[in-house]
Amino acid sequence: MKKFLALVLALAMVTMSFALVSCNEAEPETNDEVVENNETPEVPEEKPVIKMATNAYFQPYEYYEGDKIVGIDAEIAALIAEYLGMTLEIQDMEFDTIITAVKEGAVDFGMAGMTVTEDRLLEIDFTNSYATGVQSVIVPVGSPITTVDDLFAEGATYKAGVQLGTTGDIYASGDLGSDRVIQYNNGNNAVLALVGGSVDCVIIDNEPAKALVAANEGLMILDTSYADEDYAICVSKENTELLDKLNEAILALTENGKIAEIVAKYIK
Ligand code: ARG
């Protein structure tokens with residue numbers, strides 16, 4: 001019996017000393033943490049930067065409000081960056097340089113109301129689509145062009161203004177021939193040319209078309225549309241990891257209704 005008691009006591013002591021050891025071990029760790037916390041009081045962790053390329057003359061997707069780029073794409077991109085724990089940096093550039101900037105890694109992704117096309121897919125990858133668009137035709141009120149078909153009629157010589165490198169440019173150049181298409185560096189300049197009489201119509205995405213018609217008197221949008229499109233974010237083919245993350249973010253922001261909320265804020 002005594003032996004048994006001694007064994008129990010011995011065991012108890014061993015257990016206690018283990019407990020003591022582990023206490024002692026835990027202590028310096030706790031101290032370290034305290035010291036560390038004291039050294040960096042309330043300094044928020046620096047988030048990595050994610051760079052987006054756009055062309056900010058495309059209301060309501062991206063445009064300037066003062067010196068800030070706002071719009072559907074800018075807001076969705078900010079939420080995507082937040083979802084990824086990153087800080088968004090937007091770089092404004094000519095639309096037709098975005099794909100090269102993405103391909104060469106000067107930026108991480110391009111988001112510019114950009115339409116998914118077969119040709120672009122040869123150069124870059126696209127995420128799942130987050131919005132749809134329509135190519136519309138803007139004409140002066142009273143124009144002899146009353147439907148899209150008038151542009152393609154036998155013997156028609158109407159000239160179309162487009163934004164360089166956009167699908168409006170690509171489709172019109174193919175359908176009408178490049179001598180009937182005049183390229184401008186943005187939609188605003190194409191519309192100025194229309195108002196000034198150098199072109200007979202402007203082919204551009206329908207939401208920017210609405211904004212341009214609202215900002216310039218005497219213009220209207222034809223009822224018939226030219227083409228239906230899907231907008232997506234473009235990423236380098238090398239960066240499938242980012243492509244997956246962006247798709248995950250788009251899915252989450254679609255499911256929680258945030259993307260629809262942003263779109264509804266800008267498109268009434
Ligand atoms: N959806 C058209 C395209 O992808 C026009 C996009 C123009 N976007 C811009 N931000 N300017 O070609």
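Our subject in this report is the structure included herewith. Small disclaimer: the values here were computed from a predicted structure and weren't measured.

## Some words on the overall build of the chain
Part 1: If you tally the helices and strands in the chain, you get 10 helices and 14 strands.
Part 2: By the burial criterion, 41% of the 268 residues in the chain qualify as buried.
Part 3: In the chain, 71% of the contacts between residues at least 6 apart in sequence involve partners at least 24 apart.

## Quick notes on the site of the ligand
Part 1: The environment of the ligand is formed by 15 residues, the closest being Ala112, Gly113, Thr115, Thr167 and Asp205.
Part 2: Side-chain polar atom of Asn55 to a nitrogen atom of the ligand: 2.9 Å apart, as the coordinates give it.
Part 3: At 3.2 Å, a side-chain N or O of Gln163 approaches a nitrogen atom of the ligand.
Part 4: Out of a free accessible area of 350 Å², the ligand has 100% covered by protein chains.
Part 5: Of the residues that constitute the shell around the ligand, the class distribution is 5 nonpolar, 6 polar and 4 charged.

## Topic: helix α2 (residues 72–83)
Part 1: Between its first and last C-alpha, α2 extends 17 Å over 12 residues, near the 16 Å set by a 1.5 Å rise per residue.
Part 2: Buried within α2 are the following residues: Ile72, Asp73, Ala74, Ile76, Ala77, Ile80 and Ala81.
Part 3: Trailing α2 by a residue or two, Gly85 shows a phi angle of about 70°, which is positive.

## Focus: unusual backbone geometry
Part 1: Note the cis peptide between Gln59 and Pro60, where omega equals 10°.
Part 2: For Pro60, the position within the fold is in the loop between β2 (57–58) and β3 (62–65).

## Details of the sheet that holds strand β14 (residues 234–235)
Part 1: Across the sheet, 5 strands lie side by side as β5-β1-β6-β14-β7; this open sheet has mixed pairing. Both edges of this open sheet fall to β5 (87–92) and β7 (125–126), since each of them pairs with a single strand only.
Part 2: The pairing of β7 with β14 spans 2 bridges and is classified as antiparallel. Bridge pairing in β14 links Asp125 to Val235.
Part 3: Its contacts with the sheet place α2 against β1 (49–54), β5 and β6 (109–110), and it is angled at close to 150° to β5.

## Digging into the pairing of strand β9 (residues 160–163)
Part 1: The two faces of β9 match: Ala160 and Val162 on one face and Gly161 and Gln163 on the other face are all buried.
Part 2: Taking the sense of rotation as the criterion, the β-α-β connection linking β9, helix α6 (residues 167–176) and strand β10 (residues 181–184) turns out right-handed.
Part 3: Pairing analysis gives 2 bridges linking β9 to strand β11 (residues 201–205), with the strands arranged parallel. Across the sheet, Ala160 pairs through a bridge with Cys201, a residue of β11.

## So, the pattern of salt bridges
Part 1: Using the criterion set out here, one finds 4 salt bridges in the structure.
Part 2: For Lys103, the salt bridge goes to Glu123, with nearest N and O atoms at 3.0 Å. Here Lys103 is found in helix α3 (residues 98–103), whereas its partner Glu123 is found in helix α4 (residues 118–123), with 20 residues between them in sequence.
Part 3: Looking at Lys103, the relative accessible area reads 43%, which means it is partly exposed.

The rules behind each value
- For every chain, the first residue of the written sequence is number 1, and numbering continues from 1 along that sequence.
- Only residues with pLDDT of at least 70 get local features here, since the model is predicted, and only at 80 or more are side-chain atom pairs given and counted; chain-wide, interface and lining totals rely on the full set of residues.
- Based on all heavy atoms of the structure, the side-chain values leave hydrogens and waters out of the count.
- Think of it this way: any DSSP run of H or I at least four residues long counts as a helix, any run of E at least two long counts as a strand, and we number them from the N terminus.
- A 1.4 Å probe rolled over the protein chains alone gives each residue an accessible area, and that area as a share of the maximum for its type sets the label: buried under 20%, exposed over 50%, partly exposed in between.
- Only heavy atoms matter for contacts: two residues are in contact if any of them lie within 4.5 Å across the pair.
- Definition of nearness: a residue and a molecule or strand are near each other if at least one heavy atom of the residue lies within 4 Å of the molecule or strand.
- Between N or O atoms, a polar contact is any pair within 3.5 Å; within protein, one atom must be a potential hydrogen donor and the other a potential acceptor, and residues adjacent in sequence are included only when both atoms are from side chains.
- Only the protein chains shown count as cover for residues, and the accessible areas themselves come from Shrake-Rupley with a 1.4 Å probe.
- In this count, Pro and Cys sit with the nonpolar residues alongside Ala, Val, Leu, Ile, Met, Phe, Trp and Tyr, while Asp, Glu, Lys and Arg are called charged and the others, Gly among them, polar.
- Multiply 1.5 Å by the residue count of a helix minus one, and that product is the helix's expected span.
- At least two DSSP bridges between two strands are needed for those strands to be called paired.
- Throughout, an axis means a line fitted to C-alpha atoms (over the contacting stretch in the case of helices), and angles, computed between N-to-C directions, take values from 0 to 180 degrees.
- Looking down the strands as they point away from the viewer, one classifies a crossover as right-handed if the path from the first strand across the helix to the second runs clockwise.
- When a carboxyl oxygen of Asp or Glu is within 4 Å of a side-chain nitrogen of Lys or Arg, the pair counts as a salt bridge.

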